[in-house]
Amino acid sequence: MTETREITGKTRVLGILADPIAHVKAPPGINRIARQRGRDAVMVPFQISPETLPHFADALRNLRSFDGAIITVPHKGAMASLCDEVSPSARAIGAVNVIRREPDGRLVGDMLDGLGFVAGLRVAGIPIAGRSAYLAGAGGAANAIAFALVEGGVSKLTIANRTRAKAKALRERILGLHPDANVLIGDSDPSGHDLVVNGTSLGMRTEDPAPLDFARLTPEMIVAEVIMQPTMTPLLVAAEAAGCRIHLGKPMLDQQLELMADYFGL
Ligand code: ATR
């Protein structure tokens, strides 16, 4: 049984910004955490178009009952430039997935996608410090994961992406913030890495090509997904068949909710 909490004049308001909005999954999770932590706060959906986002950001600066929001598709990049302050890695990535309203009205932002992924690994008993990592992808999700892997202390990060220029650009952005990081550009062969991560969208649809060469998976590798649906992607099926330890996409989301709740001060 979930205990419901009365919304009153003292209730703090949190939002989730998206367009479209109906599919978002976070509000029940955040509201459950708020209840568990005994906080008088509620997350509600805000559907807002990209054109009106700057006006909305201004309104949020002035909305004193507002504490923060989750930012999702298509607003992650635009909101990063509308914030008054963003974390160094969110600036380098060029996207935020959370904002918080400071008491003086300033909006500050951060990108917790990658941190959620790394926290999910940690909770599963897979520490990353000192391990070598192979990352397929250089899109939005992969960018956040790449920074979190480097900031989590991997000994080496190899990035492989269909569009090689995007992998190289990501490498440059990482080195801009972490000049000593060991970041390489790879191909579809993940051989020689402790941790293999799919950061692409490949595997959501049955007709998708493989995100990497499954034939190169070996039993000592840990293979992790960002895709949550389906739970067992072709990569995870192949990894399990190869004797690898596998890590599903869902823990990333669970851990992110906790990180977001912390970010909002719940
Ligand atoms: P997300 O926000 O989910 O990361 P994205 O930014 O569009 O979405 O990134 C999608 C990732 O999947 C990219 O790495 C993309 O490769 P490109 O940068 O070359 O586009 C990868 N991807 C998508 N479809 C692909 C395909 N058919 N073959 C190979 N890679 C693909």
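Model, not experiment: these values are computed from the prediction. (Residues numbered from 1 in each chain as written. Predicted model: local features only at pLDDT ≥ 70, side-chain atom pairs only at ≥ 80, totals over all residues. Heavy atoms only, no water.)

Caption draft 1: Region of interest: helix α1 (residues 26–36). Of all the residues in α1, the buried ones are Ala26, Pro27, Gly29, Ile30, Asn31, Ile33 and Ala34. Residues of α1 that are buried make contact with β1 (12–18), β2 (41–47), β3 (66–71) and α9 (250–263). (Buried < 20%, exposed > 50% of the residue type's maximum accessible area, 1.4 Å probe, protein only. Helix = DSSP H or I, 4+ residues; strand = E, 2+ residues; numbered from the N terminus. Contact = heavy atoms within 4.5 Å.)

Caption draft 2: Fine view of the confidence of the model for the protein. Within the protein, residue pLDDT values average 96, and 98% of them lie at 70 or more. Across the interfaces of the predicted complex, the ipTM metric reaches 0.97, alongside a pTM of 0.92. (pLDDT = per-residue confidence, 0-100.)

Caption draft 3: Examining the environment of Arg5 more closely. Considering the arrangement of structural elements, one finds Arg5 in the segment before β1. The exposure class of Arg5 is partly exposed, given its relative accessible area of 37%. Placed 252 residues apart in sequence, Arg5 and Leu257 show a C-alpha to C-alpha distance of 20 Å. For Arg5, the residues in contact, after removing those within four places along its chain, are Gly38, Arg39 and Asp40.

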